[in-house]
Amino acid sequence: MRYGVTPENIILYGQSIGTVPTVDLAARYECAAVILHSPLMSGLRVAFPDTRKTYCFDAFPSAQIPSRSHRQLQTLRPVLSDVNLPLEFVDRSIDKVSKVASPVLVIHGTEDEVIDFSHGLAIYERCPRAVEPLWVEGAGHNDIELYAQYLERLKQFITFELATS
């Protein structure tokens, strides 16, 4: 217990690019729950949706990069420093979601114009303890909070589902 807060009192919440460090923390530390709002599989896959492989220069890979690629990533450090994330986020990133032991709520808008809805689906499918997701019909990347079901689902998850898990 650090800072006087026990893990069962911590809910990690990440939105968009913030899901990368959120998943990293949740994969390494115990917490009560994780909420991933508009998560991304891979930076390259956001920019180029037809990408099916993970490349060493992908800033947020969804598949784990073999350790032998670490040297290649070191050469990219000046480029990656522009995104202000430590190399350990770049090295494993969203693939870590399969290591999250806490319940995970995935929220994504079906009309997200920044991170395609397919990213949310893929992340949801990789979560070992995923709860019923919230797919907000018609919502984009920056307006999910304006839909009534957003707050309703958060309240249900935190108040009822976590209390019984």
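Residues numbered from 1 in each chain as written. Predicted model: local features only at pLDDT ≥ 70, side-chain atom pairs only at ≥ 80, totals over all residues. Heavy atoms only, no water.

*Asks:* Which parts of the structure should I look at to understand the nonpolar core?
*Replies:* It is characteristic of soluble globular proteins that their nonpolar side chains tend to be buried jointly. In this structure, Val34, Leu36, Val97, Val100, Val104 and Ile123 are the most contacted members of the largest nonpolar core, which totals 14 residues. Residues in contact with Val100, not counting those within four places in the same chain, are Val23, Ala26, Ala27, Val34 and Pro128. Among the nonpolar cores identified, the runner-up in size contains 13 residues, and Leu134, Val136, Ile144 and Tyr150 belong to it. (Core = buried A, V, L, I, M, F, W, Y, C linked by side-chain atoms within 4.5 Å. Buried < 20%, exposed > 50% of the residue type's maximum accessible area, 1.4 Å probe, protein only. Contact = heavy atoms within 4.5 Å.)

*Asks:* How do you make sense of the sheet that holds strand β1 (residues 11–15) when you look at a structure like this?
*Replies:* To summarise the sheet geometry, strands pair through backbone hydrogen bonds and adopt either a parallel or an antiparallel arrangement. Spatially, β1-β2-β3-β4 is the arrangement adopted by the four strands of the open sheet, whose pairing is parallel. If you trace the sheet from one side to the other, it starts and ends with β1 and β4 (134–136), each paired once. Across this sheet, the average inter-strand angle for adjacent strands is 10°, counted without regard to direction. Where strand β2 (residues 33–37) and strand β3 (residues 104–109) come together, four bridges link them in parallel fashion. The residue of β3 that forms the bridge with His37 is Ile107. This element, helix α6 (residues 117–126), spans β2, β3 and β4 of the sheet and lies at about 165° to β3. Contacting β1, β2, β3 and β4, helix α7 (residues 148–164) crosses the sheet at an angle of about 165° to β2. (Pairing = 2+ DSSP bridges. Helix = DSSP H or I, 4+ residues; strand = E, 2+ residues; numbered from the N terminus. Axes fitted to C-alpha atoms, helices over the stretch in contact; angles between N-to-C directions.)

*Asks:* Mind showing me how you'd approach the pairing of β1 here?
*Replies:* Regular strands place side chains that alternate from one sheet face to the opposite one. Here β1 shows one buried face, formed by Leu12 and Gly14, and one open face, formed by Ile11, Tyr13 and Gln15. Across five bridges, β1 lies against β2 in parallel orientation. Considered in β2, the bridge of Leu12 is made with Val34. One crossover worth recording links β1 to the parallel β2 by way of helix α1 (residues 19–28), and it is right-handed. (Right-handed = clockwise from strand over helix to strand, strands pointing away.)

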